[in-house]
Amino acid sequence: MREFTFHFLQGQVFGVNINITVVIGDTVELPCNTILNESRNNPRISMQTHRHHVVHSFSSGKDDPAYQHPQFKNRTKIIYWPKLAIKLSNVSFTDEGAYICNIQEKRNDEYETTHSFEFNLYPTELYYSPTITTACKDKAKCGAEVNLICSSSHGYPESTVEWKNETGNIVLEGAITNFDCDPVNHQCNFTSVLKITVTTKVKIICSVLNLSLQDNRRLAEIILGSDIANPQKNNKKGLVIGMVAITVMLVVTCLGIIIWRSRSTSYTISEQEQQEQHFNLQSVPHPE
């Protein structure tokens, strides 16, 4: 983020310097960081930019549009509760910069600045959801080295592009990212190229992170490789298949032995019965 500094202020500036981020086209409250109560003696309220442009002014109990800059015409409204602020609608790129809210009160027939609050406004535009492309047509049969290209457009300002191996929950380094921003409408396009080595089936994610808005929902994903490329996994599969085959062979062998023994026993009993019948026949007396 760019830093802006006021050079035209005299005296002490009270309050804490803060940064406000808002999506382009939205409405934002520009804070004065104070409560306007009856103790204020006919206050004058004025908000200006670091370019000396009057955003909104209030005096003698009403709005004073005489010195308001054309950039802010019909876009501002004063808010008194819960804290004094200026509501700015339809935020654009041109609103970026430093702002200051001054409150003056009449003391000894003269107006003195009794409160000042300074802050920075940063308009932003969310990027379109990115896409990932690769020269490898069959993603399951990509070679060892793969070039991945992540791209998106219509965002502002330049943001952080992050590559991640979701399969291993690892942030991937070494990507080359280039931004191209239009000087007129300030919208940016980017291309990020990552070269990785594929040794197994992985899911790769490309995210556009807007740290100011804490938005990381703009992402794309791609799945590369196949289980064939993982020798360790293949060894495990081969081991399982081998164990199953051995188990089947043992079962078949045991069944064969049981069947053979059953048949052998039946044959022995049959032979014994024939011998007994033969013996009985010999023992029967013949008539003379």
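Worth saying up front: this structure is predicted, and the values here are computed from it rather than measured. (Residues numbered from 1 in each chain as written. Predicted model: local features only at pLDDT ≥ 70, side-chain atom pairs only at ≥ 80, totals over all residues. Heavy atoms only, no water.)

(A) Inspection of the overall build of the protein at higher detail. The secondary structure content of the protein amounts to one helix and 17 strands. Here the protein holds 288 residues, and the buried ones make up 33% of them. Across the protein, the fraction of contacts at a sequence separation of at least 24, relative to all contacts at a separation of at least 6, is 62%. Per element, the accessible surface of the protein, about 18900 Å² overall, is 53% carbon and sulfur. (Helix = DSSP H or I, 4+ residues; strand = E, 2+ residues; numbered from the N terminus. Buried < 20%, exposed > 50% of the residue type's maximum accessible area, 1.4 Å probe, protein only. Contact = heavy atoms within 4.5 Å. Areas by Shrake-Rupley, 256 points an atom, 1.4 Å probe, with all protein chains shown as cover.)

(B) Up close: the pattern of salt bridges. Summed over all chains, the structure comprises three salt bridges. The partner of Asp95 in a salt bridge is Arg75, with the nearest N and O atoms 2.6 Å apart. With Asp95 in the loop between strand 7 (85-88) and strand 8 (97-107) and Arg75 in the loop between strand 5 (62-63) and strand 6 (76-79), this pair connects stretches of sequence that are 20 residues apart. Just as Asp95 is buried, Arg75 falls in that class too. Its salt-bridge partner being Glu166, residue Lys203 comes within 3.3 Å of it at the nearest N-O pair. Of this pair, Lys203 sits in strand 16 (residues 202-210) while Glu166 sits in the loop between strand 12 (160-165) and strand 13 (170-172); the two residues are 37 residues apart in sequence, bridging distant segments of the chain. (Salt bridge = Lys/Arg side-chain N within 4 Å of Asp/Glu carboxyl O.)

(C) Geometry of the side chain of Ser116. Checked against the element boundaries, Ser116 lands in strand 9 (residues 110-124). A polar contact of 2.6 Å, which involves the side chain of Ser116, links it to the side chain of Asn102. (Polar contact = N/O pair within 3.5 Å; in protein donor to acceptor, adjacent residues only side chain to side chain.)

(D) View of the nonpolar core. In this structure, Ile132, Leu148, Trp163, Ile196, Ile204 and Leu224 are the most contacted members of the largest nonpolar core, which totals 22 residues. What Leu148 contacts, discounting residues up to four positions off in sequence, is Ile132, Thr133, Thr134, Trp163, Ser192, Val193, Leu194, Ile196, Ile204, Ile222 and Leu224. Core analysis: the next-biggest nonpolar cluster, separate from the first, contains 21 residues, Val22, Ile45, Ile86 and Leu121 among them. (Core = buried A, V, L, I, M, F, W, Y, C linked by side-chain atoms within 4.5 Å.)

(E) How the structure looks around the state of the cysteines. Applying the stated rule across the entire model yields three disulfides. Sulfur-sulfur distance for the disulfide between Cys32 and Cys101 comes to 1.9 Å. Between Cys32 and Cys101 the sulfur-sulfur dihedral comes to about 85°; the bridge is accordingly right-handed. With Cys32 in the loop between strand 2 (28-31) and strand 3 (44-49) and Cys101 in strand 8, this residue pair connects regions lying 69 residues apart in the sequence. Each of the two residues, Cys32 as well as Cys101, counts as buried. Between the sulfur atoms of Cys181 and its disulfide partner Cys188 the distance amounts to 2.0 Å. Between Cys181 and Cys188, the S-S torsion sits near 105°, and that sign places the bridge as right-handed. (Disulfide = S-S within 2.5 Å.)

(F) The pairing of strand 4 (residues 54-59), seen in detail. In terms of residue burial, strand 4 counts as a mostly covered element, since six of its six residues are buried. Where strand 3 lies against strand 4, four bridges are found, and the strand directions are antiparallel. Looking at strand 4, one finds that Ile45 is bridged to Phe58. Counted along the chain from strand 3 to the antiparallel partner strand 4, the turn is four residues long, and its residue His52 has a positive phi close to 70°. Bridging between strand 4 and strand 5 involves two bridges; their strand directions are antiparallel. Bridged to Ser59 within strand 5 is Lys62. Here strand 4 hands over to strand 5 after two residues, with Ser60 in that stretch at a positive phi of 55°. (Pairing = 2+ DSSP bridges.)

(G) Fine view of the packing of aromatic side chains. Using the criterion set out here, one finds seven aromatic pairs in the structure. With centroids separated by 5.7 Å and ring planes inclined at 70°, the aromatic side chains of Tyr127 and Phe190 adopt a geometry described as edge-to-face. Here Tyr127 is found in the loop between strand 9 and strand 10 (131-134), whereas its partner Phe190 is found in strand 15 (residues 188-197), with 63 residues between them in sequence. In this pair, the class of Tyr127 matches that of Phe190, namely buried. Sitting over the ring of Tyr111, Arg44 keeps its end group 3.8 Å from the ring centre. (Phe/Tyr/Trp six-rings, centres within 6.5 Å; stacked < 30°, edge-to-face > 60°. Lys NZ or Arg CZ within 6 Å of the ring centre and 35° of its normal.)

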